[in-house]
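Spelled out from the first residue to the last, the chains are:
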Number of protein chains: 2
Amino acid sequence: MNYAQKSPRELRQLIREGKLTGHTSGMAKGYIQANVVILPSAYAYDFLKFCFRNPKTCPLLDVSEVGSPSFLYFGKNADIRTEVPKYRIYEHGELIRETDDITDLYTEDMVSFLIGCSFTFEHALLEAGVPVRHIEEAHNVPMYRTNIPAEPSGQFKGNITVSMRPMTIAQAIQATEITSHFKNVHGTPIHIGSPEELGISNINEPDYGEPVTIKAGEVPVFWGCGVTPQSVALDTKPDIMITHSPGHMFITDIKDSELSN
Amino acid sequence: MNYAQKSPRELRQLIREGKLTGHTSGMAKGYIQANVVILPSAYAYDFLKFCFRNPKTCPLLDVSEVGSPSFLYFGKNADIRTEVPKYRIYEHGELIRETDDITDLYTEDMVSFLIGCSFTFEHALLEAGVPVRHIEEAHNVPMYRTNIPAEPSGQFKGNITVSMRPMTIAQAIQATEITSHFKNVHGTPIHIGSPEELGISNINEPDYGEPVTIKAGEVPVFWGCGVTPQSVALDTKPDIMITHSPGHMFITDIKDSELSN
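All values reported here derive from a predicted model rather than from experimental measurement.

What counts as what
Residues numbered from 1 in each chain as written. Chains lettered and ligands numbered in written order. Predicted model: local features only at pLDDT ≥ 70, side-chain atom pairs only at ≥ 80, totals over all residues. Heavy atoms only, no water. Core = buried A, V, L, I, M, F, W, Y, C linked by side-chain atoms within 4.5 Å. Buried < 20%, exposed > 50% of the residue type's maximum accessible area, 1.4 Å probe, protein only. Contact = heavy atoms within 4.5 Å. 1 Å grid on protein atoms, 1.4 Å probe; cavity = no way out; pocket = protein on both sides within 12 Å on 5 of 7 lines; lining within 4 Å. Points joined across faces, edges and corners; volume = space filled by probe spheres on them. Helix = DSSP H or I, 4+ residues; strand = E, 2+ residues; numbered from the N terminus. Nonpolar A, V, L, I, M, F, W, Y, C, P; charged D, E, K, R; others polar. Domains from an automatic or database assignment. Least-squares fit on C-alpha atoms with pLDDT ≥ 70 in both. Pairing = 2+ DSSP bridges. Axes fitted to C-alpha atoms, helices over the stretch in contact; angles between N-to-C directions. Polar contact = N/O pair within 3.5 Å; in protein donor to acceptor, adjacent residues only side chain to side chain. Parallel < 35°, antiparallel > 145°, perpendicular 65-115°, else oblique. Left-handed = near helix turned anticlockwise from the far one by under 90°. Buried area = accessible area lost by both parts, 1.4 Å probe. Salt bridge = Lys/Arg side-chain N within 4 Å of Asp/Glu carboxyl O.

Considerations on the nonpolar core
Core analysis: the biggest nonpolar cluster contains 60 residues, and Phe47(A), Phe113(A), Phe47(B) and Phe113(B) have the highest contact counts within it. Once residues lying within four places of it in the same chain are set aside, the contact partners of Phe113(B) are Asn35(B), Val36(B), Val37(B), Leu39(B), Ala44(B), Phe47(B), Leu48(B), Leu60(B), Asp62(B) and Val63(B).

Listed below in C-alpha cells is the structure:
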C-alpha cells in the first residue's frame, strides 16, 4: 500500500481501525504531522504558556476545546482518542505503558495540544539538496536530552530535548536559512557543532530514536524537538499526561506549504 | 524634554511618578511599545488561547506570572500597576473609568498580557519611504470596529478591530512585504481597499483615534489592531478587565530590531 499518496483522513481511519500501527514517517506526503500532548484541564494554562515561552522546542500548532477530541484547524473531523498509532501514558512523571487507544482515559476534562514536528522542514531540506541522514539510513531521527533548561511555566520545567542531523558547515548555513522560514516547526537550529555544550556525552547513544553516521567533514546540527514535553513531564509529574510514542505522529489535515513563513 | 532619546526605564519612572501622563507615541525610539490587558486568573487560559488563535489582532509578546507586576522578557523590573500613563477599567464589559494607577485593583490573582502594537512596524515603513499619514498629521491612528468575527476562545468572542493607513497600491504592496517580517506586531494587512467589506460605513468616523486624510490615488490599508481585546471585552463581559487607554502604551525593555522576523 502506498501510504505516501494517501490522504490524512484515509490514514487516520486506518489507524483508528487498528490497520496501521507503526511509524508515520513518509505518510501523507506534503501534510503536516504533529507531536501530541494530552493533559487534564487543570494543567492546560501552564502548558499553553510553556509552549508560548518555548517556541523552538514546543511550537504550538493547535489546541482542542476542553473535552473535545478534534481541532479547530488541524483536524476538524479528527478523533485524537483513536487516530494516533501509538500513545504513551505517563502517570506522575513515569511512563506506565503504551497503547493504541485512549478512549477510556480521554475524559470531558482533557485538553489536547498539537506541536510542530521536524518532518515538515526535512522535506524542505531534502528538496534543497541538504542531506537528512536518518532518512537516508531509513530509521528514526536521533534525539538527546540536554542540560539546557526550558523556560519554566508554572509547574512545567525541565531540560529541552533536541534532534540531530549531521551535515557540512556550508549545508548547516543553508539549513539554518531554510528552517528560518519554518518557525512553527522548530525554526532555526539550537546549536551547531559541539554536543558537549548541550551536555551530550556520547553522540552515538541518543536518548530516543537511533544513532546516525556522521561522515568526515560533517558537524552535528541540533534542532529543538517536540519530545521535550515528554522529558519535561518527568520533572513536572502531572497526575496523568498522554503523548504520542516517538515517531508515531498525528497526521493533520493541513499541508506543509500552509505553514512556511 | 526629548522623550525619544530616553530609555524605557527612565520613561516608566516618569510615568510612575505621574510626570508623564499623555500618549507614548514617539517615545524611547527603537523600543517596542505594547498594548496591555489585565485579567483575573480565571480568565487567563481562555485569553491566552484567544491570543494564540488571533495572531494578527492579538500577537502575544509576554505574559506575567499570576499576581506578578513584571514580565520575564519585556519588563523584568517593570511595575505594570503604575507604569502605564493611562488605564481603562472595564467591569462586566462596560468602560467604568480611566485612571493612572491600578495598585488598588491589581490583586495577587491578576495576570498581565502584553500585546504587540503597530508603533513597531510604522518605524520600518517610514524608513522605507512608505507614508504613515497619522504621524505626518501628528495625531493617533484611526481604528475601526469591523464585522469580522475573531476566532473565539471559551467566553472570549467578538469582532476584530483594525487600524488604517492610506497609501498607493504600490506602497501597499511594499508595506505588505515589510510587515510580513513583523508577525509579532500584527504582520501583514487584514484587508486592502474596501472599508465596506469590513463593515466600516464611514471611513472618516473611526471608532477610536482620529480620521486621516486619504489623498487621490490612495487606498485604505487595514491592519489588525491591539485594541481588539477591548472591543471583545464588550461582548465577553469579564467581571473586571484593565487595559491601557488607546495610545497610552506600556514601554518595554526590548528593541524593535529584536522583534523583526
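That shown, we press on.
Section: the layout of surface pockets
Take a probe with the size of a water molecule and roll it over the atoms, and the empty space left behind shows itself. All names here are of chain A. Of the voids in this model, the second largest pocket is the one considered here, and its volume is about 410 Å³. Contributing to the lining of the second largest pocket are 22 residues, with Ser-25, Gly-26, Phe-119, Glu-122 and Ile-135 lying nearest its centre. Listed by contribution, the elements that provide at least two residues to the lining of the second largest pocket are strand E1 (31–40), helix H3 (119–127) and helix H4 (133–136). Per-element accounting of the lining of the second largest pocket gives the leading share, five residues, to H3. Considered class by class, the residues forming the lining of the second largest pocket number nine nonpolar, ten polar and three charged. In this structure, the lining of the second largest pocket is formed jointly by two domains, domain 1 (8–117 + 237–258) and domain 2 (119–229), each of which donates at least three residues.

A few points about the relation of the copies chain B and chain A
Between the two copies of the chain lies a relationship made up of a rotation around an axis and a movement along it. The two copies are related by a screw operation: chain B maps onto chain A through 180° of rotation and 0.0 Å of translation along the axis, at an RMSD of 0.0 Å. Overall, the copies show the geometry of a two-fold rotation axis. If distances are taken from each C-alpha of chain B to the rotation axis, the shortest is found for Tyr45(B), at 2.4 Å. Mapped onto chain A, 100% of the interface residues of chain B again fall at the interface, so both copies present the same surface.

A word on the sheet that holds strand E6 (residues 143–149) of chain A
Residues and elements named next belong to chain A. With antiparallel pairing, the four strands of this open sheet are ordered in space as E6-E7-E9-E8. Two strands bound the open sheet, and with one partner strand each, they are E6 and strand E8 (191–192). Where E8 meets strand E9 (residues 219–224), two bridges bridge the pair, whose relative direction is antiparallel. Each bridged residue has a counterpart across the sheet, and for Ile-192 the counterpart in E9 is Val-221. Together, E6 and strand E7 (159–167) form the strand contacts of helix H6 (residues 228–236), whose direction differs from that of E7 by roughly 150°.

Digging into the side chain of Arg165(B)
Residue and element names in this part refer to chain B. Of note, Arg-165 is situated in strand E7 (residues 159–167). In terms of polar contacts, Arg-165 uses its side chain to reach the side chain of Ser-163, at 2.9 Å. If we ignore the near neighbours within four places in the chain, the residues touching Arg-165 are Ser-118, Phe-121, Glu-122, Leu-125, Val-132, His-134, Val-141, Val-219, Pro-220, Val-221 and Trp-223.

Things to note about the packing of H3(A) against helix H5 (residues 169–179) of chain A
All names here are of chain A. It is the contact of H3 with H5, at a shortest axis distance of 10 Å, that shows an interaxial angle of 130°. Classified by the interaxial angle, the pair formed by H3 and H5 is oblique. The crossing of H3 and H5 is right-handed. Only Ala-175, Ile-178 and Thr-179 of H5 make contact with H3, whose side of the interface consists of Phe-121, Ala-124 and Leu-125. Across the contact of H3 with H5, the residue classes tally to five nonpolar, one polar and no charged.

Let's talk about the sheet that holds E7(B)
All names here are of chain B. Taken in spatial order, the four strands make up an open sheet running E6-E7-E9-E8, and their pairing is antiparallel. Two strands close off the open sheet at either side, each with one partner strand: strand E6 (143–149) and strand E8 (191–192). Where E7 lies against strand E9 (residues 219–224), six bridges are found, and the strand directions are antiparallel. Paired with Val-162 across the strands is Gly-224, a residue of E9.

As for the environment of Glu218(A)
All names here are of chain A. Structurally, the position occupied by Glu-218 is in the loop between E8 and E9. Exposure remark for Glu-218: the relative accessible area of 14% places this residue in the buried category. Measuring from C-alpha to C-alpha, the distance between Glu-218 and His-248 comes to 29 Å, with 30 residues separating the pair along the chain. Excluding anything up to four places from it in sequence, Glu-218 contacts Arg-133, Pro-166, Met-167, Thr-168 and Thr-213. Within the structure, the side chain of Glu-218 is placed 2.8 Å from the side chain of Arg-133, a separation counted as a polar contact.

Observations regarding the domain arrangement of chain A
All names here are of chain A. You can read the domains of chain A as domain 1 (8–117 + 237–258) and domain 2 (119–229). Each of domain 1 and domain 2 has a C-alpha centre, and these two points are 21 Å apart. Taken together, the contact pairs 31 residues of domain 1 with 28 residues of domain 2. Buried surface at the junction of domain 1 and domain 2, summed over both partners, amounts to about 2500 Å²; 63% is from carbon and sulfur atoms. Counting the surface domain 1 buries against domain 2, the share from its top three residues, Lys-56, Thr-57 and Cys-117, is 27%. In this assembly, domain 1 and domain 2 are joined by zero salt bridges. Those elements giving two or more residues to the side of domain 1 that touches domain 2 turn out to be E1, helix H2 (44–53) and strand E5 (110–116). In terms of residue class, the side of domain 1 that touches domain 2 is made up of 15 nonpolar, nine polar and seven charged.

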